[in-house]
Amino acid sequence: MKRLLLLIFASFLILNAACAAKRENTAMKISITIDNGDATNKITASLENNSSAKAFYESLQKGPVTVQMHDYGSFEKVGSLGMSLPRNDRQINTESGDIILYQGSQITIYYDRNSWSFTLLGKVDSLSQEELKKILGRGNCTAIFEAL
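Residues numbered from 1 in each chain as written. Predicted model: local features only at pLDDT ≥ 70, side-chain atom pairs only at ≥ 80, totals over all residues. Heavy atoms only, no water.

*Asks:* In this structure, what is going on with the overall build of the chain? I would like to understand it.
*Replies:* Scanning the chain from N- to C-terminus turns up three helices and nine strands. Helices and strands in the chain line up, N terminus first, as α-β-β-α-β-β-β-β-β-β-α-β. In the chain, of all internal contacts separated by at least 6 residues, the share reaching a separation of at least 24 is 64%. Surface accessibility of the chain: about 8900 Å² in total, with carbon and sulfur atoms responsible for 53%. (Helix = DSSP H or I, 4+ residues; strand = E, 2+ residues; numbered from the N terminus. Contact = heavy atoms within 4.5 Å. Areas by Shrake-Rupley, 256 points an atom, 1.4 Å probe, with all protein chains shown as cover.)

*Asks:* Teacher, can you tell me more about the pattern of salt bridges here?
*Replies:* Pairing between side chains of opposite charge can happen when the charged atoms of each approach one another. Enumeration according to the criterion identifies five salt bridges in this entry. A salt bridge links Asp98 to Lys123; the shortest N-O distance between them is 3.3 Å. One end of the pair, Asp98, is in strand β6 (residues 98-102); the other, Lys123, is in strand β8 (residues 114-124), and 25 residues separate them in sequence. With a relative accessible area of 8%, Asp98 lands in the buried category. The exposure class assigned to Lys123 is partly exposed, which follows from its relative accessible area of 29%. Within the structure, one salt-bridge network assembled from shared partners comprises Glu95, Asp98 and Lys123. (Salt bridge = Lys/Arg side-chain N within 4 Å of Asp/Glu carboxyl O. Buried < 20%, exposed > 50% of the residue type's maximum accessible area, 1.4 Å probe, protein only.)

Below, the structure is given as structure tokens:
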């Protein structure tokens, strides 16, 4: 009887750990509606597994965040989040589609390369550099970030 109870208890612990690991690995997905003045497009992105991305996702679960973005350096769109998030800065080389937290309160969507100490929040899903450039447009744009 003791062995049976021990086996049941051990099985419960293993299943509980497996379920917790599965919950922890669940991807945080967001949508971004971008209005570039000429067209409005909705894209999706997958967030990273860090405290910055988790805090951003938690804020999006309370409601959408609208950011007025402007072009900077011909490689990114940047705008104020209107809030501060925890930083996990590290030296990185950005690629098209990277979503970056800059100085804890600015969000950027990269459509080209850069290298600096940033916090990677996530990555736009399945768009080429040319597709993303077209969606973001040439000038300012409005981006609405929402949790999925």
